[in-house]
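In case you want the letters, here they are:
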Amino acid sequence: MQTLIKRPQNGLHGRLTVPGDKSISHRGLIFGAISTGTTRLTNFLPAEDCLSTLTALQQLGVKIDRHETTVTVHGVGLHGLTAPTQPLDMGNAGTATRLLAGLLAGQAFDSTLVGDDSLSQRPMQRVQQPLAQMGAKLDLTAGHLPMRIHGRALQSATIKMAVASAQVKSALILAALQAPTASTIIEQLPTRDHTERLLTAFGGQLNTAADGRTITVQPQPHLTGKTVTVPGDMSSAAFFMTAASIVPGSQITLPQVGLNPTRTGLLQVLQRMGGDVTVTPQASVGEPLGTVTVKAATLKPIDLGADDIPAVIDELPLVALLAATATGVSHITGASELRVKETDRIATIVAELKKLGVQITEQPDGFTIDGRPAWQVKTATFDSHGDHRIGMMMAIAGLRLTQPTTLAHAEAINISYPGFFTDLQQLCPTKEALA
Ligand code: S3P
């Protein structure tokens, strides 16, 4: 699928409520499934990735009803899942795969996880090896999917994580719930803590030490279904925050965006770059929430290192785009995790931004960008490479160009944001942005 993008002459304007958070939608389904009683998720994200989790849980014997963005999960309890009759297809969803690996490792049946071509190239030893310390047996195919999970009784453990990954941490937490005694998980760097927050909300017990990296999980909780309102996805809001910052004349307001501090790295990046961003928190239960207002601004370059990365991991394509418009050199390092996302994002960011004439140099663990406000565009035919976030990043880049641009493989955007182009159009009041 190709999509044609045109420049909005007067910038982006208006108010947009972005769809629900992807990470929290996955986790809401999983915690609903392993609780007893009914869980109701409102503002659930009905994107391909989360629907992979929903379907997999149904194949594990959980009754789930969905009406658009409202989902009802009839929980079966931590030990109530049943053996699937066929391999569980995770599609493109890395989060679903890693989290379900941790959950299924401790169940009383075997299961198999498969995925699409991209997911089948992503590393799975990162869950296999630490889960093995709890006695789990996961057979991989040369380190990748298909993954055969031999469900068995798990032991508790103290595990030092080798990568800064919320997916791996969450897999370990879900496994630790099934051990007989408490387990401790030590992160390299703090990563998104939605699993910890939701586990606590559903009645589980877990303690995060003052260092923010040492998590002790109490096993065998009795989890009870509840109502969860999923906040707007900061990672989706980030595309419009970036667009408003770099398209002259823009001013937009994004209400009800999730403001979990483990996810708000892009807000800090924009502030450090001289962006015009206002954040108004609002009262909320569980996850912090608020309104973000962004106006166009002249940006400065930025340097980011390993400690900065987890809170902005999914927004690094946008950091690259912001840096490409800022006069001067930006350095992004400590981001080698980008190499194992839906694509090798260091390679795909560099390949796509070079089409705009951006001076970007690939580094083993990031990139260096010598930015400037006006680019010497080489070609206006972009490609998502099958990666939703690369596709949306280039759609936003296209808004700055005087010529119309096309985006190949735009359908990849459905993985996390099926309504992306409709929502973008809503912020372009003169309706000239998209065709
Ligand atoms: C996610 C964690 C991150 C992020 C992904 C979603 C999650 O991955 O990139 O999009 O929901 O836990 P890692 O934890 O592997 O960095």
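Keep in mind it's a predicted model, so treat the numbers as computed, not measured. (Residues numbered from 1 in each chain as written. Predicted model: local features only at pLDDT ≥ 70, side-chain atom pairs only at ≥ 80, totals over all residues. Heavy atoms only, no water.)

### Points about the sheet that holds strand S1 (residues 3-5)
Ordered in space as S1-S23-S22, the 3 strands form an open sheet in which the pairing is mixed. The open sheet has two edge strands, S1 and strand S22 (381-383), and neither has a second partner. Taken pair by pair, the neighbouring strands of this sheet meet at an average axis angle of 30°, ignoring direction. Relative to strand S23 (residues 405-408), S1 is paired through 3 bridges, and the arrangement is antiparallel. (Pairing = 2+ DSSP bridges. Helix = DSSP H or I, 4+ residues; strand = E, 2+ residues; numbered from the N terminus. Axes fitted to C-alpha atoms, helices over the stretch in contact; angles between N-to-C directions.)

### A few points about the UniProt feature "binding site: phosphoenolpyruvate" (unreviewed entry) in the chain
Under the UniProt annotation, the feature "binding site: phosphoenolpyruvate" (unreviewed entry) is placed at Lys-22, Gly-94, Arg-122, Gln-167, Arg-345 and Arg-389. Within the secondary structure, Arg-345 sits in helix H10 (residues 345-355). By relative accessible area, which is 0% here, Arg-345 ends up buried. Ignoring anything within four residues of it in the chain, the contact list for Arg-345 reads Asp-314, Pro-317, Leu-338, Arg-339, Asp-387, His-388, Arg-389 and Ile-390. Reaching out from Arg-345, the side chain makes a polar contact with the side chain of Glu-342 at a distance of 2.9 Å. (UniProt positions renumbered as here; feature names shortened; annotations may be inferred. Buried < 20%, exposed > 50% of the residue type's maximum accessible area, 1.4 Å probe, protein only. Contact = heavy atoms within 4.5 Å. Polar contact = N/O pair within 3.5 Å; in protein donor to acceptor, adjacent residues only side chain to side chain.)

### Re the UniProt feature "binding site: 3-phosphoshikimate" (unreviewed entry) in the chain
UniProt annotation of "binding site: 3-phosphoshikimate" (unreviewed entry) refers to Lys-22, Ser-23, Arg-27, Ser-165, Gln-167, Asp-314 and Lys-341 when read in the numbering used here. Residue position: Ser-23 is located in helix H1 (residues 22-33). In this structure Ser-23 comes out as buried when scored by relative accessible area, which is 8%. Those residues in contact with Ser-23 that lie beyond four places of it in its chain are Arg-192, His-194 and Arg-263. Position of Lys-341 among the secondary structure elements: in the loop between strand S19 (328-332) and H10. Looking at Lys-341, the relative accessible area reads 14%, which means it is buried. Excluding residues that lie within four positions of it along the chain, Lys-341 makes contacts with Arg-122, Ile-313 and Asp-314.

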